[in-house]
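Structural description and commentary
What follows is the residue order along each chain.
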Amino acid sequence: MIVLRLKPIADIRSMVERHARVLVVGCNTCAAVSLAGGETEVETLVETLRLGASRSACQTEYTGAMIQRQCEPEFVDKLEAGGYDAVLSLGCGAGVAFLANTESVPVYPALDTLFIGAAKGHASWQAECSACGSCVLGETAGICPTTRCAKGIMNGPCGGVKDGRCELGDRDCAWVQIYDRLDEQGRGDDFDGLGSTKDNSVNSMTCEWDMNADSGGSK
Amino acid sequence: MTLKDAFERGEFVVTSEVGPPKGIDIAEMMHAAENMKSRVHAVNVTDNQAAVMRLSTIAACIHLKQAGLEPVLQVTGRDRNRLAIQSDLLGAASFGVTTVLALTGDHVVVGDHKQAKPVFDLDSVQILDAVAALNAGTDLMGNDLKGAPEIFAGAVVTPDSNPIRPQLAKFDKKVRAGAKYFQTQAVYDKDSFLRFMEHARCRGAKVLAGIVVLRSARMARFMNKNIPGIAVPPELINELEASKEPEATGIEIAARFIRDTRDACDGVHIMAVGAEHLVPKVLDAAGIGEVGQ
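This report concerns the structure included in the present document. Fair warning: this is a prediction, and the values are worked out from it, not measured in the lab.

Here is what the cut-offs are and how they apply
Residues numbered from 1 in each chain as written. Chains lettered and ligands numbered in written order. Predicted model: local features only at pLDDT ≥ 70, side-chain atom pairs only at ≥ 80, totals over all residues. Heavy atoms only, no water. Helix = DSSP H or I, 4+ residues; strand = E, 2+ residues; numbered from the N terminus. Rg over C-alpha atoms; globule rule 2.2 N^0.38 Å. Buried < 20%, exposed > 50% of the residue type's maximum accessible area, 1.4 Å probe, protein only. Lys, Arg positive; Asp, Glu negative; His and termini not counted. Charge placed at Lys NZ, Arg CZ, Asp CG, Glu CD. Pairing = 2+ DSSP bridges. Axes fitted to C-alpha atoms, helices over the stretch in contact; angles between N-to-C directions. Polar contact = N/O pair within 3.5 Å; in protein donor to acceptor, adjacent residues only side chain to side chain. Contact = heavy atoms within 4.5 Å. Right-handed = clockwise from strand over helix to strand, strands pointing away. Phe/Tyr/Trp six-rings, centres within 6.5 Å; stacked < 30°, edge-to-face > 60°. Lys NZ or Arg CZ within 6 Å of the ring centre and 35° of its normal. Buried area = accessible area lost by both parts, 1.4 Å probe. Salt bridge = Lys/Arg side-chain N within 4 Å of Asp/Glu carboxyl O. Parallel < 35°, antiparallel > 145°, perpendicular 65-115°, else oblique. Left-handed = near helix turned anticlockwise from the far one by under 90°. Disulfide = S-S within 2.5 Å.

With that settled, the discussion passes to the overall build of chain A. Regarding its fold elements, chain A presents eight helices and seven strands. Its C-alpha atoms give chain A a radius of gyration of 21 Å, more than 25% over the compact-globule value 17 Å for 219 residues. A principal-axis box enclosing the C-alpha atoms of chain A has dimensions of 65 × 50 × 25 Å. The proportion of buried residues among the 219 residues of chain A is 42%. Side-chain charges of chain A comprise 19 positive and 30 negative groups, with the mean position of each set lying 6 Å from the other.

So, in structure tokens, the structure goes:
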């Protein structure tokens, strides 16, 4: 799923408080599971913004709404944004962009889109995928070097590894993990074959994916 | 004499390094380099070391070359993509700067432009691949070059890395990718280094033992705590602690390591980290005289 995080309230206010009526729209899929843009988070944000507005004598009015997915027409079409001067989206970047295409008023992001991740525990996620368009997980024992290695390098641990930890100090070294897991799975020799230069053109050249297209693929 | 020549002659090779200034006043860097000129075969020039923005490595190498020194161009993958790296390798070679050290590079967030985009399009092994392609007369895509360089490329290795097995596996990859010589991270434990040399010896690449002169017990503890892959043994820390002249003791520790390991490796790379004036003193204490340039 896409993992998201609320922007600082001051940043959100500075974006929207010049508008008189703001519709705060949650997204009931990734953002809700991410505990960043579900019903509860929309209510909390609306209350927080109202409270801030009343304290600063700002006239902005905030109203909450939910849609199932901000990235699909059938759900976005049901949004009733008439009468509002701005939309504050609690969706991912795709949701914000899609709403901005649909609505005539300015649409602002209340969240930052962090990564594609998996749940480690309650309210805790780990980045696992960078949507690079050329997956190597089969060769790297299911650990993505592009995502989990801070440098995204392809040939093994850099000189910064310290007791199995990354030089940034915030994670285990992905390449030590890859090496160990390949070894545990009896394919330690495969390590030597890793390290092709990455084909970044796949990512650069795939701005759309249309299965209806004649080519059956990207345009 | 180039670094390649020095290895081929079977000399005990000595290299050191200087860091380009943050700015265009190169006097201090040139002074540090001149000061060690008669004692080293080559001088590494760091590439935005520790991700701190400085004067261009290639420009600094050209200055050293013009002053009669043999520069080693450090090339990291942090700041340049594969076009820029190949282009810079050709540019350096066009000035006769053909000795290269390939590194992945420290991450930008440890440096002074933390918000920069980290590139890492090529890592250290892939930079060696690029050198091999250029030397063979093509770029990484197989397009022909108009005039191929003859680049002599090396790489780095951390003999005290923990865990060690992936580090050694990557060392082997670098050898296969064409690294002709290695500079190690600073090493202090003779036995540990000799064990590493048993692995390295049969791989065929030349190895320069990395030396960082300890100037105090505090510095040793700091490095143990903060610098990946450095392990100063407790007895050396005690020796520095007990010394009335810790800098002299540090020089002796470095010289002793060189004496104890010189038969097992091909030379030393002395990283003076801001105290380049100590380089001749370490070499004097180790009994290593002047080198023919």
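Attention now goes to the sheet that holds strand 1 (residues 13-18) of chain B. All names here are of chain B. If you trace the eight strands once around the closed barrel, you get 1-2-3-4-5-6-7-8, paired in parallel fashion. With strand direction ignored, the average angle separating the axes of adjacent strands in the sheet is 30°. Where strand 1 and strand 8 (residues 267-271) come together, four bridges link them in parallel fashion. Paired with Val14 across the strands is Val268, a residue of strand 8.

With respect to the element layout, Gln126 of chain B can be found in helix 5 (residues 124-135). Within polar-contact distance, the side chain of Gln126 of chain B engages the backbone oxygen of Ser196 of chain A at 3.3 Å. Each residue touching Gln126 of chain B, except ones within four places of it in the same chain, is listed here: Met154, Asn155, Gly195, Ser196 and Thr197 of chain A together with Asp121 of chain B.

This next bit is on unusual backbone geometry. Residue and element names in this part refer to chain B. Cis rather than trans, the peptide bond between Asn162 and Pro163 has omega equal to 0°. The phi dihedral of Ala50 falls on the positive side, at around 55°, and the residue is not glycine. Secondary-structure assignment places Ala50 in the loop between strand 2 (42-45) and helix 3 (57-66). Ala50 gets classed as partly exposed once you look at its relative accessible area, which sits at 33%. We note that Phe120 has phi near 50°; this positive angle belongs to a residue other than glycine.

All names here are of chain B. Summarising burial for strand 5 (residues 152-157): five of the six residues are buried, a large majority. Pairing analysis gives four bridges linking strand 4 (residues 99-103) to strand 5, with the strands arranged parallel. From the neighbouring strand, Ala102 faces strand 5, where its bridge partner is Ala155. Crossover handedness for the path strand 4 to helix 5 to strand 5: right-handed. One ladder, built from four bridges, connects strand 5 with strand 6 (residues 181-186); its direction is parallel. Opposite Val157, over in strand 6, you have Thr184 as the bridge partner. Considered for its hand, the β-α-β crossover made up of strand 5, helix 6 (residues 165-176) and strand 6 is right-handed.

Two numbers describe a pair of aromatic rings. These are the distance of the centres and the angle of the planes. In this structure the tally under the stated criterion is nine aromatic pairs over all chains. Aromatic pair Tyr179 of chain A and Phe191 of chain A: ring centres 5.1 Å apart, planes at 80°, arrangement edge-to-face. Taken together, the residues span a long stretch of sequence, with Tyr179 of chain A in helix 7 (residues 174-184) and Phe191 of chain A in the loop between helix 7 and helix 8 (201-204) at a distance of 12 residues. Taken as a pair, Tyr179 of chain A and Phe191 of chain A share a single burial class, namely buried. Between Phe193 of chain B and Phe196 of chain B, the ring centres sit 6.3 Å apart and the planes meet at 40°, which makes this aromatic pair tilted. Here Phe193 of chain B pairs with Phe196 of chain B, and both are found in helix 7 (residues 190-201), just three residues apart, close to one helical turn. Each of the two residues, Phe193 of chain B as well as Phe196 of chain B, counts as buried. Three or more aromatic residues link up through ring pairs in this structure, and these residues are Phe171, Phe182, Phe193, Phe196 and Phe257 of chain B. Lying across the ring of Phe191 of chain A, Lys173 of chain B places its NZ or CZ 4.6 Å from the centre. Note that Arg262 of chain B overlies the ring of Phe12 of chain B, its terminal NZ or CZ placed 4.5 Å from the centroid.

Relative to the elements of secondary structure, His41 of chain B occurs in the loop between helix 2 (27-35) and strand 2. Polar side-chain contacts of His41 of chain B include one of 2.8 Å to the side chain of Glu11 of chain B.

This part takes up the interface of chain A and chain B. With 27 residues of chain A at the contact, the number on the chain B side is 29 residues. When the buried surface of chain A facing chain B is broken down by residue, Lys151, Asn155 and Lys162 of chain A rank first, second and third, together holding 25% of it. The salt bridge partner of Arg165 of chain B is Asp183 of chain A, with a shortest N-O separation of 3.1 Å.

This next bit is on the packing of helix 7 of chain B against helix 10 (residues 246-261) of chain B. A pair of packed helices is characterised by two quantities: the angle between their axes and the separation of those axes. Residues and elements named next belong to chain B. Interaxial distance between helix 7 and helix 10 falls to 11 Å at its minimum, and their mutual angle equals 40°. With respect to each other, helix 7 and helix 10 are oriented oblique. Helix-helix and strand crossings are classified by hand; for helix 7 and helix 10 the assignment is right-handed. Within the contact between the two elements, helix 7 uses Lys190, Phe193 and Leu194 and helix 10 uses Phe257, Asp260 and Thr261.

In this section: the environment of Met36 of chain B. Residue and element names in this part refer to chain B. Note on placement: Met36 falls in the loop between helix 2 and strand 2. Since its relative accessible area comes to 0%, Met36 is described here as buried. Leave out the neighbours within four places in its chain, and Met36 touches Ser16, Glu17, Val18, Val43, Glu276 and Val279.

Residue and element names in this part refer to chain A. Summed over all chains, the structure comprises zero disulfides over all chains. With no disulfide of its own, Cys92 lies closest to Cys71 among cysteine sulfurs, the gap being 6.0 Å. Looking at Cys149, it has no disulfide partner, and the nearest cysteine sulfur is the one in Cys158, 6.4 Å off.

In this section: the sheet that holds strand 1 (residues 2-6) of chain A. All names here are of chain A. Across the sheet, three strands lie side by side as 1-6-7; this open sheet has antiparallel pairing. Each edge of the open sheet is held by one strand with a lone partner, namely strand 1 and strand 7 (124-129). The sheet shows a mean angle of 70° between the axes of neighbouring strands, direction not considered. Here strand 6 (residues 111-121) pairs with strand 7 via five bridges, running antiparallel. Its bridge partner lying in strand 7, Gly117 is registered against Ala127.

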